Each structure stands twice: as structure tokens, then as C-alpha cells.
Amino acid sequence: MTEVLSAEQMRTLEAAAINSGAVTGLHLMERAGQGVVAAIVTHWPEFAQGNHKALVLCGPGNNGGDGFVIARLLDAAGWTVRVHHFGDAARLPPDAKSNYDRWTADHEVLPLTVDAVQSGARPDLIVDAVFGIGLTRPLPDDVAQVLNVSAREVWNEAHNIRAVAVDCPSGLDLDRGAVPTDISPKADVGDARPKTVNMADLTVTFHAPKLGHYLGPGPALCRQLKVVDIGLGPIGEERATIGQPPDPERARLVEPTCCGKTPPHRSWPLSHLSKTRTDGHKYDHGHVIVFSGGVGKGGAARLAARAALRSGAGLVTVICPPAALIENACQLNAVMLRSLGKEQALGDVADDRASAFCLGPGMGVSAQTRARVIEVLKRRAAGAGRRDPAVVLDADALTSFADDPDVLFKHTHSRTILTPHEGEFSRLFPDLSGPARKNMSKVDAARKAAARAGCIILLKGPDTVIAEPNGGASIHATAYGREVPWLATAGAGDVLAGLIAGLSAPGHSSDLFIMAEIAAYLHAEAARRFGPGLIAEDLPEQLPDVLRGAAS
């Protein structure tokens, strides 16, 4: 796993290392500059030799100090380097001022304005070291004009100019993965306030990724992300992971986060992914109950059911209204089918061996759906050694409580997971959504929602966030070469709900939080294996191949 830090956690980590005497701020800054230069020549091998031109844009803080180090190192390597600085040099932090002084001993520093930047020769590389991880306000006008006009656009053949960002493209809030809300999507050179953040071709950050590298527009603005070791040692308990599916031990940290970016660890609990155990019978692998809607509304439930069966459940039953029985029977084979009338109790068709429930896909927004959800949530484990059944609530099972979410939260428990997209989330948590989210990140909002609901929240999107009531949070971002835009297709969310239910059903499965992380990974990986043209029905059929790869 790879930890993900907030800006404050990173500052605290650096301060602790400096205060311990293990390293100085100047040494950290030097290592950061060296790491950026190494990343540049690794990413663009053509820059390793020859005389190239660099435009280095430095800011008023330590990010600017990194820029002065980068300028000095490129100059020593034979580059022609021009440096522009924003702010008052006399007010630079001590370490940044030291590196400013080293540069200005032999070189000039120009102001960071549009006119000054445009007056120079066309560079091969632009280094954005203006603002780093701590900026939470809109860019100052001069900086915005330079960056958002895109300095690259004032020269011919601008597409050949490379841009590297130090920590992040200036203007990106790395705690929220957001650009301040008063920024408009377009800007002209003559605008009083040009507003969009310029994209980098390569972003180099230090020690660990930050939340905003994976949330919101962060990945699109950073384009490529490289994490450089600056000698702070292994990450301790800053807690958040991005990179690989979760190691079950690390996932029990207070704030674990995960983004399935590469194939699973061998330490992953593979017996939880599929029927890999050699003992037991189908009920040992769990019985998933999926509720279906009425006539013509059963497709979503069938998608969820097939995903549950493919992901490892021993058996899966779709429960539908009597009128929809024939329709579903015509399309289900390995998945079992039972009918349930409005006035019938769930116990008439589902015995105590049911270990997971999936409600919502296609059920309809109604009082009847509300009643079924509450009925299922009231079920508890029967018999010694058994656990409460897992309950996955999606789609209509969530929206049915939009007028009074507290009714739902009175019944949710630790074996419950809500899987909303942003629209459904806003109906249950209006004060944590949209403009009301304000300075909260998506991770913050999901954590607060999980604490309020007393259960796990999986807030869907390209930057899916999974959170649990005790503060644990996991980011699963389809970014940096793992994008799957074709996953935005009708029914994909139903498949994810079924995946979670299927993974959570076996009696030997791990906790629900880890199963949600695994499901998010498998869901995206199945989509990647299929590629463009994907429809939701294709996802369950990709799972065997994905699972074989995970087990190899």
C-alpha cells in the first residue's frame, strides 16, 4: 500500500524529522530539487543530454525554494535557465531564502508577470514551483495570468514545451482535490482574473501522494504523478493508502485508504475473492439475497445477482414480486428465484442461512421499499459463531429515505454499507454535499456521513471514497493510466453492489470495509479488461479472468 497524506500531515512529518535532528530543512529542500530533476530526465530521456532551456517559476514559500534548487541543478547540468519569482524575496522562509541567495549570487531573478515571461526565449521545459501543497485560496492575478494563459501558448510549437509541477499544479487544493469555486472554466489573456489551473505534463511530489492528487480534477491536472523519496523514512500512522489493493493488516489502521492501481498483493486474502478453499459446501461460501423490482424492473437486480455469484457467493437468490416471477425465470439459471408478496414476511422465503442482502437496484422508490430495507436491517445472526448478515443498500433503497434519512440511520449497523453516487448521497446528506461541502474534501464528507449513519459509506465516482464510522477512509481512483470512462454506463453501479454482497457473504470473509475495497478494485479492473464498448452485462463475465490474475 501507499500512504496518502493531507497537507497538514506532510508539514507535521517534515517538522518532526527536522526537530529530531535527523535532517535539516535545507537538506530536505535539496533532496526535493534533486528528485524533481531526476524525475525530469527519467520521464523525458531526451533532456538527459544537450543544452536545453528551462523556465522556472518560483513562489513565495518553500515550494519556491525547491524551484531555486531545481534551477541551480539544471544550470549545473548545462541548461540555460531563466527564473521568475512571485512575491517579496525578503519574506521568503529561511531555507527558501538561502537557496534564493545561492541562485542570485550568479544569476538574475525576474518578476513573475505575463510581460516578463513572454519577453523571454521559448523554453523546452517549464517548472511550476509557485504554490505547493498548502494553497487553499484562488491564485493571485499575476500568477493566474501566467499559468492559465499557459506560458506555453505564447511561443510557436507550444505543444513541444514540457511542464513539470512541483508537488502540484499551482492553484490545486491538495487537501480537497479542488480548484477554488470562484474560478471560471475559461479565461482570456485580457481577463482581469483568468481562472483555470494549468495542467502539468508531469507532477512530482515528495514522500507520499496527497489527497488532492487522487480526488476531483486532481488527476486530470497532474496528468502523470511521480512520488520522490526525500529521506523521511517509512510512513507511520498518517494513514491513507493509494496504489495497491489493501493488505488486510494495514487496512486496520485508523485511517486506511486504498486505490487499486496495480494487481493485488500476494498477502491479500485470496480465499475471500473466490471459491479457492478446498473444503466446505455452497452455504459456507454464503447465500446472497437480491431484491428485484416489479415487471420490467428486474434487470438491475439480475446484474447484481450475477456479480454476486461470480465474485464468490455459494448461492444467490433473486426475490421479486409474484407478477415478475415469469420474466425473471426466463433470464436466470444459476441464480435462484423466489417470489414475495407485499404482505409476506421475508422469513417466508429467506431462512437464517442468508448471509448477505442487496437492496435497491430497480426496487422502486416507495414506502414498500423502505419497509423491506428496515425489515432486512433488523435481521441478526442466528446460531453460535455466525455474524450479522451484510446489507448492501444502493439506488432506490437509499432514495426511498430521502425525506427522512434518520429513519434509515436508526437501523443501519456495522454490517451495513451504503453505496450512493453523488446525487443519492446529497439526498441523504444534504449538508455534506454540493455547495454545503465547502472546504471539506470528498474524504471528509464520506467520513462524516459514515459516522452519522453508523455504517460504511462507499461514495462512488472516478475517485470512489470508502469510509467507516471510526474514521477509516479509502480512496479508489481510476486515474494515472487506469481511467475507465466507459464504466459510466447504466447498470455498472448495480454490478458493484452485487460484487460487495458476494464478497461479503462467505462465513470466512474478512470485514466489510476490506470487501468494499476489493470490490471497487475488481469492478474497475473488470472494466479495464473489457475496454471501450462495455455494457454492464459484460462486467460479471470479466471477473473470472480478473480473479485468476489476482491469484497468480
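Read on for an overview of the structure. Predicted model, so just to flag it, every value in this text is computed and none were measured.

Attention now moves to the overall build of the protein chain. Scanning the protein chain from N- to C-terminus turns up 17 helices and 16 strands. For the protein chain, with 552 residues in total, the buried portion stands at 57%. Sequence-distant contacts in the protein chain: of pairs separated by 6 or more residues, those separated by 24 or more amount to 72%. For the protein chain, the exposed surface amounts to about 21,700 Å²; the carbon and sulfur share of it is 50%.

Our next topic: the nonpolar core. If you look at the biggest cluster of nonpolar residues, it comprises 99 residues, and the most contacted ones within it are Phe 291, Leu 359, Leu 393 and Leu 418. Among residues more than four places away in sequence, those in contact with Leu 359 are Phe 291, Arg 372, Val 373, Val 376, Val 391, Val 392, Leu 393, Asp 394 and Ala 397. Listed in part, the 51 residues of the second largest apolar core include Leu 303, Ala 505, Leu 534 and Leu 543.

The phi angle at Asp 167 is positive, at roughly 75 degrees, despite the residue not being glycine. By secondary structure assignment, the location of Asp 167 is in the loop between β5 (162-166) and β6 (202-206). In this structure, Lys 438 is a non-glycine residue whose phi angle is positive, near 45 degrees. Judged by relative accessible area, which is 63%, Lys 438 ranks as exposed.

Turning to the sheet that holds strand β2 (residues 80-85), a few remarks are in order. As summarised here, the arrangement of the 7 strands in space is β3-β2-β1-β4-β5-β6-β7, forming an open sheet in which the pairing is parallel. A single partner strand is all that each edge strand has here, and the edge strands are β3 (110-111) and β7 (225-228). Looking at chain direction, β2 and β3 are connected through 2 bridges and run parallel. Bridge pairing links His 85 to Pro 111 in β3.

Moving on to helix α16 (residues 512-530). The terminal C-alpha atoms of α16, which comprises 19 residues, lie 27 Å apart, in line with the 27 Å expected from a rise of 1.5 Å per residue. Counting buried residues along α16, 16 of its 19 residues qualify, which places the element largely inside the surrounding structure. Positioned one or two residues after α16, Gly 531 has a phi angle of 90 degrees, which is positive.

This part takes up the side chain of Glu 30. Relative to the helices and strands, Glu 30 resides in helix α2 (residues 25-43). Of note is the side chain of Glu 30, whose polar atom sits 2.8 Å from the side chain of Arg 72. If we ignore the near neighbours within four places in the chain, the residues touching Glu 30 are Val 69, Arg 72, Leu 73, Asn 99 and Arg 102.

Judged by how many residues are buried, strand β16 (residues 473-477) sits mostly within the fold: 5 of 5 residues are covered. Burial along β16 is two-sided: Ala 473, Ile 475 and Ala 477 facing one way and Ser 474 and His 476 facing the other are all buried. Looking at chain direction, strand β15 (residues 463-467) and β16 are connected through 5 bridges and run antiparallel. Bridged to Thr 464 within β16 is His 476. In this structure, the hairpin formed by β15 and β16 is closed by a connection of 5 residues, where Gly 471 is found at a positive phi of approximately 110 degrees.

With respect to the secondary-structure elements, Ile 326 resides in helix α9 (residues 325-329). In this structure Ile 326 comes out as exposed when scored by relative accessible area, which is 65%.

Our next topic: the side chain of Gln 542. Along the chain, Gln 542 turns up in helix α17 (residues 538-551). Beyond its immediate stretch of four places on either side in the chain, Gln 542 contacts Ala 526, Arg 529 and Phe 530.

Let us now look at helix α14 (residues 442-453). Over its 12 residues, α14 runs 16 Å from end to end, which matches the ideal 16 Å to within 8%, given 1.5 Å per residue. Residues Lys 442, Val 443, Ala 445, Ala 446, Arg 447, Ala 449, Ala 450 and Ala 453 constitute the buried set of α14. Buried residues along α14 sit in contact with α12 (405-409), β13 (416-418), α13 (422-428), β14 (456-459), β15 and β16. Following α14 by one or two positions, Gly 454 has its phi on the positive side, about 70 degrees.

Procedures and definitions
Residues numbered from 1 in each chain as written. Predicted model: local features only at pLDDT ≥ 70, side-chain atom pairs only at ≥ 80, totals over all residues. Heavy atoms only, no water. Helix = DSSP H or I, 4+ residues; strand = E, 2+ residues; numbered from the N terminus. Buried < 20%, exposed > 50% of the residue type's maximum accessible area, 1.4 Å probe, protein only. Contact = heavy atoms within 4.5 Å. Areas by Shrake-Rupley, 256 points an atom, 1.4 Å probe, with all protein chains shown as cover. Core = buried A, V, L, I, M, F, W, Y, C linked by side-chain atoms within 4.5 Å. Pairing = 2+ DSSP bridges. Expected span 1.5 Å × (residues − 1). Polar contact = N/O pair within 3.5 Å; in protein donor to acceptor, adjacent residues only side chain to side chain.

Take it as geometry only, folks, not as evidence of what the structure does.
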